[in-house]
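# Structure assessment
The residues making up each chain are set out below.
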Protein chains: 2
Amino acid sequence: MRDVAVIGVGMTQFGELWEQSYRNLFVEAAAAAMRDAGVEKIDSMYVGCMSSGLFVGQEHVGSLMADYLGVAPVPAVRVESACASGGVAVRQAFIEVASGMADVVLAGGVEKMTDVDGAMATYALATAADAEYEGFQGATFPGLYAMIANAHMKKYKTTSEMLAQVAVKNHENGSLNPFAQFQNRITVKQVLASTMIADPLHILDCSPVTDGAAAVILAPVELAERLGKPPIRIIGSGMATDTIALHSRRDLTWLSAVEAATKRALEMAKLKIKDIDFAEVHDCFTIAELTVLEAMGVYKRGHAGPATKSGETKRDGRFPVNPSGGLKSKGHPVGATGVAQVIEIVKQLRGEAEGERQLKNVKRGIAQNMGGSGGSSVVTILEA
Amino acid sequence: MRDVAVIGVGMTQFGELWEQSYRNLFVEAAAAAMRDAGVEKIDSMYVGCMSSGLFVGQEHVGSLMADYLGVAPVPAVRVESACASGGVAVRQAFIEVASGMADVVLAGGVEKMTDVDGAMATYALATAADAEYEGFQGATFPGLYAMIANAHMKKYKTTSEMLAQVAVKNHENGSLNPFAQFQNRITVKQVLASTMIADPLHILDCSPVTDGAAAVILAPVELAERLGKPPIRIIGSGMATDTIALHSRRDLTWLSAVEAATKRALEMAKLKIKDIDFAEVHDCFTIAELTVLEAMGVYKRGHAGPATKSGETKRDGRFPVNPSGGLKSKGHPVGATGVAQVIEIVKQLRGEAEGERQLKNVKRGIAQNMGGSGGSSVVTILEA
């Protein structure tokens, strides 16, 4: 297998982009990534997208995007693993470049979620759960994560304040990110006073419905070294699955797909989690950030809440988490999220994060993307 | 890159399977392929599926299927390229095994199309076209292929009888395939007398709406040689895209994605098309089989109709096409079709095709799978 590096990144503004179309969003991000990489041609591409059929009435996404990006006849494949679709796009591009099948491969992600009303968006998102045993019975994603949160609170004495602190930290980071959907700071008091969506999750514990796209360009390290920007190597990639439905799990508080994907990525990189400097993780709900950090081995079981409360995961903390603002503040266009996480890692490792968001002395970052309530997870480790 | 072989195949009955669920179909095919390969574990899997969101209200397909197949936590990715999704699954599995990331990889495909009514199925299928410029304007797939057929008839004097002969041949082959949806023979007269769907395409020029699943197991050739069945090598794989919308093409009769994908696959195999003994091609409509054979270089432009009429593509002809019965007779569960094509090639090369369907003295076969009206195509060449 060949060594692989990210040589270009690009993304759109994340937000409610009513004046933008599905295809235009993708093309904007992809073209920005190609410009950043300094390449005019690509050999192959992957598009992460969760549910374009339900959100915009469009499948055959690879063909559409290759056509509108002007790169046909290159191979173009849409990949889907619910909200981990973007992470999968990066992983498939990594495998293709590593294999030698192609040299310059684009991995993008996109979702246009605001062309439908809220009820339809909730239905579309619920297709990431087990349709027959969860979705059709009325379970929504806030409901599923509320069950996880309740179990975690009961088992580990995690509090609503600890959950709120995740949102407060991520909004603080996102306030410095010009691409973020929400660039406002919030307080713990505001989170706790906000509308209850699914007890114990308030609306400010939830990531928003978002339009947006993101793209990265991958190439063999040898080729990357001859181009302009410093190549950021992908030194580990792991993917794993778990039961799609919550009722099949032994322990609601444990995300075993995250544990397994992290383990594989670290094994490939020949590293331990303590060797990593910072992370972008899948905070679709505040409780997700805590359970993910525990499954990744950053904190012991039940310790992520107190650590967050004490500020360890802030930008100046021991282990910064979601310097981009995370899904909570940056926004969560589900198919694009996994790619946007990798973009943040690359920007941080290049020293190109905007303003105060730039972390100091970081050499390695980890991106963790998750599908549904943890039925799948993709983990990518990058090194400057 | 490592050499890769197919070591196991399995599929369900194709048809209107009202007593079967989406997930059960996939598991049945995948388990059959694992039994055929003699493996109890896999390292990774791909699921080709076009539009489970619209057909059965379920995304996150990789996680669901890995869970129900009992193979979680293995990585499981759903891939989509409209009706070429199955071909893409095989291609991604090929790339992953070739890369060295995984040894035993399952590539499956599935579609459950009869849980919705005909109007919804037509809408879901139209999402393979350009939604904004074709689907939302009322274009359906029979309509799009009818435009291609009219152009071909005008340019090359192709006749309705020649189109009908494709259906007659494929039903004759399918009548010998116990997995086929339609196992009845038909006549040219019956095709021409059948209901007109989109002039000049009669209903017997159209492939049906089908439920079904198919799966193959891939492994490095070295490993394959130590297992029971004779390994069938994948010696060429090509994928290409074209404009998703018909109105953007210079020539409606020319499928340039099929041409490019075939060229790439042949280059990888270091072969010419004349070195191939038989083909499974994407006859979603009768006209498609003719235009595909011309784009693949089997026949010159305009020559596929007369060649079909003269019997060259029958089982005992110069170049047998669709010995399985093709999409027309075997059925077309869109996500499964590309995998089922590869299964037919493997069975023929192993000498395991049922009864009279077995071709004599075949050493190499080619499978051509297509998305939409030719916006994407995947071509796979296999050798005994």
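Residues numbered from 1 in each chain as written. Chains lettered and ligands numbered in written order. Predicted model: local features only at pLDDT ≥ 70, side-chain atom pairs only at ≥ 80, totals over all residues. Heavy atoms only, no water.

### Here we look at the packing of helix H1 (residues 22-37) of chain B against helix H3 (residues 61-69) of chain B
For any two helices packed against each other, one specifies the crossing angle of their axes together with the interaxial distance. Residue and element names in this part refer to chain B. The N-to-C vectors of H1 and H3 enclose an angle of 60°; their axes lie 9 Å apart at closest approach. By the angle between their directions, the pair H1 and H3 is classed as oblique. You can see that H1 and H3 cross each other, and the crossing is right-handed. Along the contact surface, H1 presents Tyr22, Arg23, Phe26, Val27, Ala30, Ala31 and Met34, while H3 presents Val61, Leu64, Met65, Tyr68 and Leu69. Considered class by class, the residues forming the contact of H1 with H3 number 11 nonpolar, no polar and one charged. (Axes fitted to C-alpha atoms, helices over the stretch in contact; angles between N-to-C directions. Helix = DSSP H or I, 4+ residues; strand = E, 2+ residues; numbered from the N terminus. Parallel < 35°, antiparallel > 145°, perpendicular 65-115°, else oblique. Left-handed = near helix turned anticlockwise from the far one by under 90°. Contact = heavy atoms within 4.5 Å. Nonpolar A, V, L, I, M, F, W, Y, C, P; charged D, E, K, R; others polar.)

### Let's talk about the relation of the copies chain B and chain A
Superposition record for chain B on chain A: RMSD 0.0 Å, screw rotation 180°, translation along axis 0.0 Å. Interpreted geometrically, this transformation is the action of a two-fold axis. For chain B, the minimum C-alpha distance to the rotation axis belongs to B:Ser99 and amounts to 1.9 Å. Of all interface residues in chain B, 100% are interface residues in chain A too; the two copies therefore contact each other through one and the same surface. (Least-squares fit on C-alpha atoms with pLDDT ≥ 70 in both.)

### Points about the interface of chain B and chain A
On the chain A side, the residues contacting the 62 residues of chain B number 62 residues. Where chain B packs against chain A, one counts 33 residue pairs in polar contact (both at pLDDT 80 or more). Every element with two or more residues in the side of chain B that touches chain A is listed here: helix H2 (52-56), H3, strand E3 (76-80), helix H4 (85-99), strand E8 (232-241) and helix H10 (256-269) of chain B. Take the side of chain B that touches chain A: its biggest share by element is seven residues, from H4(B). Looking at side-chain class alone, the side of chain B that touches chain A contains 33 nonpolar, 18 polar and 11 charged residues. (Polar contact = N/O pair within 3.5 Å; in protein donor to acceptor, adjacent residues only side chain to side chain.)

### Focus on the side chain of B:Gln165
All names here are of chain B. The topology assignment puts Gln165 in helix H7 (residues 160-174). The class of Gln165 is buried, set by a relative accessible area of 15%. Beyond its immediate sequence surroundings of up to four residues, Gln165 is in contact with Val188, Thr308 and Lys309. (Buried < 20%, exposed > 50% of the residue type's maximum accessible area, 1.4 Å probe, protein only.)

### Quick look at helix H4 (residues 85-99) of chain A
Each α-helix winds once per 3.6 residues, and so residues spaced three or four apart point in a common direction. All names here are of chain A. For H4, with 15 residues, the first-to-last C-alpha span of 21 Å sits near the 21 Å given by 1.5 Å per residue. For H4, the tally of buried residues reaches 15 of 15 residues, placing the bulk of the element in the interior. Taken from the residues just after H4, Gly100 is the one with a positive phi, measuring 95°. (Expected span 1.5 Å × (residues − 1).)

### Structural notes on the layout of surface pockets
Residues and elements named next belong to chain B. Taken as a whole, the largest pocket encloses approximately 630 Å³ of empty space. Taken together, 32 residues form the lining of the largest pocket, with Leu125, Cys206, Ser207, Pro208 and Val209 sitting closest to its centre. Listed by contribution, the elements that provide at least two residues to the lining of the largest pocket are helix H5 (118-126) and helix H6 (141-156). Ranked by residue count, the leading element in the lining of the largest pocket is H5, at five residues. Class assignment for the residues of the lining of the largest pocket results in 20 nonpolar, nine polar and three charged. Counting residues domain by domain, the lining of the largest pocket receives three or more from each of domain 1 (4-116 + 210-232) and domain 2 (136-206 + 235-383). Of the volumes computed, that of the second largest pocket is approximately 520 Å³. (1 Å grid on protein atoms, 1.4 Å probe; cavity = no way out; pocket = protein on both sides within 12 Å on 5 of 7 lines; lining within 4 Å. Points joined across faces, edges and corners; volume = space filled by probe spheres on them. Domains from an automatic or database assignment.)

### Examining the domain arrangement of chain A
The parts lose accessible area when they come together, and the size of an interface is often stated as this lost area. Residues and elements named next belong to chain A. Along its sequence, chain A is organised into domain 1 (4-116 + 210-232) and domain 2 (136-206 + 235-383). Spacing between the C-alpha centres of domain 1 and domain 2 amounts to 23 Å. Tallying the contact residues gives 42 residues for domain 1 and 34 residues for domain 2. Where domain 1 abuts domain 2, roughly 2900 Å² becomes buried across the two surfaces, and 68% of that area is made up of carbon and sulfur atoms. (Buried area = accessible area lost by both parts, 1.4 Å probe.)

### Brief notes about the state of the cysteines
All names here are of chain B. Applying the stated criterion across every chain yields a total of zero disulfides over all chains. No disulfide involves Cys49; its nearest neighbouring cysteine sulfur is the one of Cys83, lying 11 Å away. Of the cysteine sulfurs around Cys83, a residue in no disulfide, the closest is that of Cys284, at 6.6 Å. (Disulfide = S-S within 2.5 Å.)

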